[in-house]
Amino acid sequence: KKKKKKKKEEEEEEEEEEKEEEKEKVKEEKEKLEQELVSIQSDTLDVDTKSMEDKNYLTKLEQDLSLKNARLLKITEKVEKLNSERQLLKERSKNKKDENEIQEKLRTLLEEKGSLEASIKVSREEYHRIGEELVKSKGYEDDLLERQTKLKKKQTIYNQDYFKLNRDNTVLEQKIKS
């Protein structure tokens, strides 16, 4: 009986040890799954953050596009206005209207040309001054770059207006001569 009892106790001990080992394995598997879950949650958070950054960037790009479209519309309107004025001048010269009107328009264009040349000169000087300030002061770099960019755009617009007026001026001078 003692042998049977001892044998039974040994079997129970072995069974308990097996259960403990199985319990440890399950515990380890649970810890691994929890770690994997934390990793996946972290990756999801990173993806969500990147997605939000992308959405913000897209919104900024859409705003920039909207501003550029508005500016393009204004420029297109100005070009149309200038084209219509030029067409009117062509019609007047074809019909040999009052030459004084053409000369007055030419004088106005020359004044505008001079004004634009002065504006271009001022813009260039300010552009160079800002460039020098930028080199001197790194702390204000962003503000200066923004002002410099605006001045470049302004200068480009002045240059375009200047060349258009210069071209119109040349056309008018040729019409007066003929």
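Cut-offs and rules
Numbering of residues starts from 1 in each chain and follows the order in which that chain's sequence is written. Restriction of local features to residues with pLDDT of at least 70 applies here, the model being predicted, together with a cutoff of 80 or more for giving and counting side-chain atom pairs; totals for whole chains, interfaces and linings are based on all residues. Side-chain measures were taken over the full set of non-hydrogen atoms in the model, leaving aside hydrogen atoms and water. Labels follow the DSSP assignment, with helices taken as runs of H or I lasting at least four residues and strands as runs of E lasting at least two, numbered in each case from the N terminus. Three labels apply to residues, based on accessible area from a 1.4 Å probe with only protein chains included: buried if under 20% of the type maximum, exposed if over 50%, partly exposed otherwise in between. Pairs of residues are marked as contacts when any of their non-hydrogen atoms sit within 4.5 Å. The term salt bridge refers to a side-chain nitrogen of Lys or Arg lying within 4 Å of a carboxyl oxygen of Asp or Glu. Note on patches: the residues involved have over 30% relative accessible area and no salt bridge, like charges join within 9 Å, and the nonpolar side chains Val, Leu, Ile, Met, Phe, Trp and Tyr join within 5 Å. The Shrake-Rupley method, run with a 1.4 Å probe sphere, supplies the accessible areas, and residue values consider only the shown protein chains as cover. The positive count covers Lys and Arg only, the negative count covers Asp and Glu only, and His and the chain ends enter neither. Where a charge sits is defined by one atom per residue type, namely NZ (Lys), CZ (Arg), CG (Asp) or CD (Glu). Residue types Ala, Val, Leu, Ile, Met, Phe, Trp, Tyr and Cys, when buried and joined through side-chain atoms within 4.5 Å, form a set referred to as a nonpolar core.

Participant: Give me the overall build of the chain: which residues, what numbers.
Facilitator: Check the secondary structure of the chain and you find three helices and zero strands. The N-to-C order of helical and strand elements in the chain reads α-α-α. Within the chain, the fraction of its 178 residues that count as buried is 12%. The long-range share in the chain, meaning contacts at least 24 apart out of those at least 6 apart in sequence, stands at 71%.

Participant: A description of the pattern of salt bridges should follow, citing residues and the corresponding values.
Facilitator: If you walk through the whole model with that rule in mind, you get seven salt bridges. The partner of K60 in a salt bridge is D64, and the shortest N-O contact between them spans 3.3 Å. Here the residue K60 and the residue D64 both occupy positions in helix α1 (residues 2-94), the gap between them amounting to four residues, near one helical turn. Its relative accessible area of 46% is what places K60 among the partly exposed residues. Accessibility expressed as a relative area gives 29% for D64, which makes it partly exposed.

Participant: Tell me what's going on with a positive patch on the surface, and back it up with residues and numbers.
Facilitator: Side chains of K68, R71, K74 and K153 sit close together on the surface and give a patch of like positive charge. If you tally residues by element for the positive patch, the top one is α1, at three residues. Relative to the elements of secondary structure, K68 occurs in helix α1. A relative accessible area of 54% places K68 in the exposed class.

Participant: For the side chain of D168, give the residues involved together with the corresponding values.
Facilitator: Relative to the elements of secondary structure, D168 occurs in helix α3 (residues 141-177). For the buried D168, no salt bridge exists, and the shortest N-O distance to an oppositely charged side chain is 4.1 Å, to R167. In contact with D168, not counting residues within four places along its chain, are R86 and L109.

Participant: Tell me about the nonpolar core, and please be specific about residues and values.
Facilitator: Note that soluble globular proteins tend to have their nonpolar side chains buried in a common cluster. With nine residues, the main nonpolar core is built from L89, I102, L106, L109, L116, I120, Y162, L165 and L172. No other element matches the five residues that helix α2 (residues 99-136) contributes to this core. Setting aside residues no more than four positions away along its own chain, L106 makes contact with N169, L172, E173 and I176.

Participant: Go over the environment of E99 with me, naming the residues and quoting the values.
Facilitator: Position of E99 among the secondary structure elements: in helix α2. By relative accessible area, which is 43% here, E99 ends up partly exposed. The sequence separation of E99 and K175 amounts to 76 residues, and the corresponding C-alpha distance is 9.9 Å.

Participant: How would you sum up the side chain of N169? Please name residues and give values.
Facilitator: One can find N169 in helix α3. Accessibility expressed as a relative area gives 4% for N169, which makes it buried. Excluding its chain neighbours within four sequence positions, the residues that come into contact with N169 are L106, L109, L110 and K113.

Participant: Give a description of the environment of T108 that names residues and reports values.
Facilitator: With respect to the secondary-structure elements, T108 resides in helix α2. Sequence separation of T108 and L165 is 57 residues, and the distance between their C-alpha atoms is 9.9 Å.

Purely spatial values, then, with no claim about function.
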